[in-house]
Each structure stands twice: as structure tokens, then as C-alpha cells.
Amino acid sequence: MTTKTPDRAYAWSGALFWAAAASWAKLEQARHLQNQAYDLGIYASVLWNTAHGAWFRDGVKGVNYLADHFSPGLLLLVPFARMLGVAQCVALAAAIPAVHRLGWLATKDRVAAACLAAAFAASPLLLDAARYDAHAVAFAVPLLAWALVRFKEQRPREALLLLALAGTLQEDMWLCAAAAAWWAGRRRASLAFLAAFAAALAAMRLIGGGWTPAHWDFYSFSNLGLETRARGLARLLLPLAGGPLFAGKDALPLLVPFAYTWLGDNPHQQSFNLHYGAALLPFAFLTVKRPRLALVLTLCWLPFHKRWFHPAPAGRLDAVRDIARLLPAEAPLAASFNLVPPLALRPTARLWRGEDLPGFWTALDASPAGFAPDPARDARVRDFVAARRERVVFERAGLFLLKPADALLK
């Protein structure tokens, strides 16, 4: 009989508080139009289209999403298409009690378990995963964490079921599942997960035909990025008091997501920014041997974390709502990167790249708040609007909506 964890009610209460605080920040981030087109817009589009019968259609890229990432498990997230950021915060928070349980099973020390859970809650990797839009990898974090707990509790069937569910969220999660199963001594299950990864790659090729997802370019290794990779190592090792370096067997599962993330070509992967570090989290905290020190170091790192949002000019949320009301429900849309997420709940919502797409409505932000200044980008928007002034149906707070060119002929 598995013994209960002392203070587990406090762990769940802390997780609930973390979920509420992070959800508020995500809602404010959305209110100030500081989400990105990738990846929140993509997931909102895929889930909305799936709910409306166009299964796994990615209206942002114009492809079937299963050819980009093999994620049939997204079906479970369809009810949350309109609140995906909040759902992600709740999912990430559900991993906090799992880490608390891991700490107790490893140390039988109530203070150490609490420190480990608190360090996880304040981890820069966790906060970045929550802050940057929404991604399927983040939803896998609690499944991986609780699978490790179930293995520790000698409940392998439940653990393998959780790992299999995590694998359905994205093809590389099968590699994480294989690593976790191998660590737990489940060699056959590990090989089965590797076979599932190969099958997922084959399915992606079959569904996509000759289309090659752009994210595969991240693994070209053409960008050395030594400084960026060093920063990624620091973000991983320092808050954990160097735990993975001294964890022995417990560090082996971490090597899998670490390798395919840190060795990639994308600077955000190399530094474990955004959602890319999410898959490392459960395995990273499995390696911590000094939870108290890890908590102190994590709290020292906290002031350097990126802000979730910056105050935007008043009236922008109302302006976006007005744009959404003016847009025909089924109309294809091309929009600035920060306008794609709130307007993506339609069959097609492409990222505007300066072109005038036939039949497309166009929603633009001339000077998006909270992002790096880009005079060339802002001038391109204003020049585009100025040359098509007769098509402007809405203009307020720096936002513009243009009807399609062919609408003038009707």
C-alpha cells in the first residue's frame, strides 16, 4: 500500500494558486494583444476547425496539422479552443503536486519535498512554457511528471498509460516516453514507444505528402550558437544546483529531450526559451538532490525572468472585438502576428507577410505594443493601408481592417 504524502493538501492548494495567477497573466497577455501567431493561433485554429468538422485543419499554415506534428491527442483539448492559454496553465500546475510527491518519495523529508515543489513552480523553464502562448508539449508535462511518480510507487501500468497519452500530444513525446520507460526498467515498453515514434513520423509523411514542416530545419545544426547554448545550460543547471551532473541513472531520461532540444538549430531551443524547455521539466527535477539549495537558486533567478505582458494603449481590446464583429464568420483572414490568436477561430487565418491575398480580409496592427520596435515593419503596414484606403472598413487604436479587393467589384 503506497503511503500518502504529508502536506499534499498544501501542494494541491499551491498548485491551484499558481494556476490562478498564471491564468490571470495569460488573460492579461491576451487583453494587451501580446500573444504570438505561432503557436497559439495555430492551436486555436486546429481545435476550432476540428470542432467544426474540418479535422486537424491548420488554417494558419493551410495544411493538416498531423503532417506538421503528429498530435491526435489534441482531440482532448477541443473544448478549450477559446481558453487554451488558461487550460495550459491549469495543466502545468497539475505537475506541481507530482514533483512534491517525487520529492517526498526520494527524501521522506517534508521540508525537502516542499522546497522541490516550490522550486519547480518558480522554475524559469516552467514560467517560460506558461508565458509563451500555448503548445502541446506543455500539456504533456503533468502526464510525464505523474508517470514518474507512478513508476516510483510501483504502479507501472498507470505510468505507461500516462506516457502513452503524452505521446499522442506530439511525436517527440514518444521519445520522452521511451526514456522514462527505460529508466524504470521497462525495456519492452521503451522499445514499443520508439516504434510509436517511428510510426508517427511515417504518418506525418503520409499525411503531408511532399510537404516538409519548417520545424525540421531546426535540426540542421548549421547554427553553432555557442553563447546561446551556454545560456541554455545555465538556465537548466544553475537553478537545479547542478543536479543532473550528479544524478547518475536518474539523469538518463533527461538526456533525450535535452539532446533534441539543445542540439537544435533554433536559438530558442538552444537556450530553452519559450515552450521548448517544457519536456525537460519532469526529468530535470527527478535529478535534484539538494532541494533547499535548488529553491534558493531558483528564487535568485526569478528577477531576471521576462515579463508576461506590457501595458498597451487603452481601447485595443474593444477594437479587436469590433474587428471580430465586422469580419464575416467564414471569411479567410490575413492578420498581423499578434492579431492571429484572437481572430483564429475561423477556417483560415493566415499570418500577414506583406502580401495582398485574393479574397482575404486583412487585419493589421501598425505598432504592436510589448514587442521589439521595428520601424520597417510598422512602415510596411502603414504603406499597405495607405495604398488601399478605399478598402479600410475599420481604423482605431492603431488597428486596421481591410475588406478583400474583390469586394469592391460586387
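Provided above is the structure to which this section pertains.
Anyway, here's the lowdown on the structure attached to this text. (Residues numbered from 1 in each chain as written. Predicted model: local features only at pLDDT ≥ 70, side-chain atom pairs only at ≥ 80, totals over all residues. Heavy atoms only, no water.)

## Overview of the overall build of the protein
Note the cut-off: Only DSSP runs of H or I covering at least 4 residues are called helices, and only runs of E covering at least 2 are called strands; the numbering of each starts at the N terminus. Only C-alpha atoms enter the radius of gyration; for comparison, a globular chain is expected to reach 2.2 Å times N to the power 0.38, where N is the number of residues. Note on exposure labels: buried denotes an accessible area under 20% of the residue type's maximum, exposed denotes more than 50%, and partly exposed covers the range between, all computed with a 1.4 Å probe on protein chains only. Only heavy atoms matter for contacts: two residues are in contact if any of them lie within 4.5 Å across the pair. Accessible surface area values rest on a Shrake-Rupley calculation with a 1.4 Å probe, where residue burial reflects the displayed protein chains alone. Counting rule applied: Lys, Arg positive; Asp, Glu negative; His and chain ends not counted. One atom stands in for each charge, and that atom is NZ of Lys, CZ of Arg, CG of Asp or CD of Glu.
A tally of helices and strands in the protein yields 18 helices and seven strands. What you see for the protein is a C-alpha radius of gyration of 22 Å, in line with the 22 Å of a compact globule of 410 residues. Taken along the three principal axes of its C-alpha coordinates, the protein extends 75 × 45 × 40 Å. Here the protein holds 410 residues, and the buried ones make up 56% of them. Long-range contacts, defined here as pairs at least 24 residues apart, represent 72% of the contacts in the protein between residues at least 6 apart. Of the roughly 17900 Å² of accessible surface on the protein, 64% is carried by carbon and sulfur atoms. In the protein, the 43 positive side-chain charges and the 28 negative ones have mean positions that sit 8 Å from each other.

## Thoughts on the side chain of S271
The line we're drawing: Polar contacts, as used here, are pairs of N or O atoms within 3.5 Å; protein pairs need one atom able to donate a hydrogen and one able to accept it. Residues neighboring in sequence count only if both atoms are side-chain atoms.
One can find S271 in the loop between α13 (267–270) and α14 (281–286). At a separation of 3.2 Å, a polar atom in the side chain of S271 contacts the side chain of N273. Ignoring anything within four residues of it in the chain, the contact list for S271 reads T228, R231, G232 and R235.

## Digging into the sheet that holds strand β4 (residues 349–351)
The condition that has to hold: Any two strands are treated as partners once DSSP identifies two or more bridges connecting them. In this description, a line fitted to the C-alpha atoms serves as the axis of each element, helices being fitted only across the stretch in contact, and the angle between N-to-C directions of two axes falls anywhere from 0 to 180 degrees.
The sheet built from five strands is open, its strands ordered β4-β3-β5-β7-β6 with mixed pairing. The strands lining the two open edges of the sheet, one partner per strand, are β4 and β6 (392–396). Adjacent strand axes in the sheet meet at a mean angle of 15°, parallel and antiparallel pairs treated alike. As defined by bridge partners, strand β3 (residues 333–335) adjoins strand β5 (residues 361–365) across three bridges and the pair is classed as parallel. For A334, the partnering residue across the bridge sits in β5 and is T362. Sheet strands in contact with helix α16 (residues 316–326) are β5, β6 and β7 (399–402), and its direction is about 170° off that of β6.

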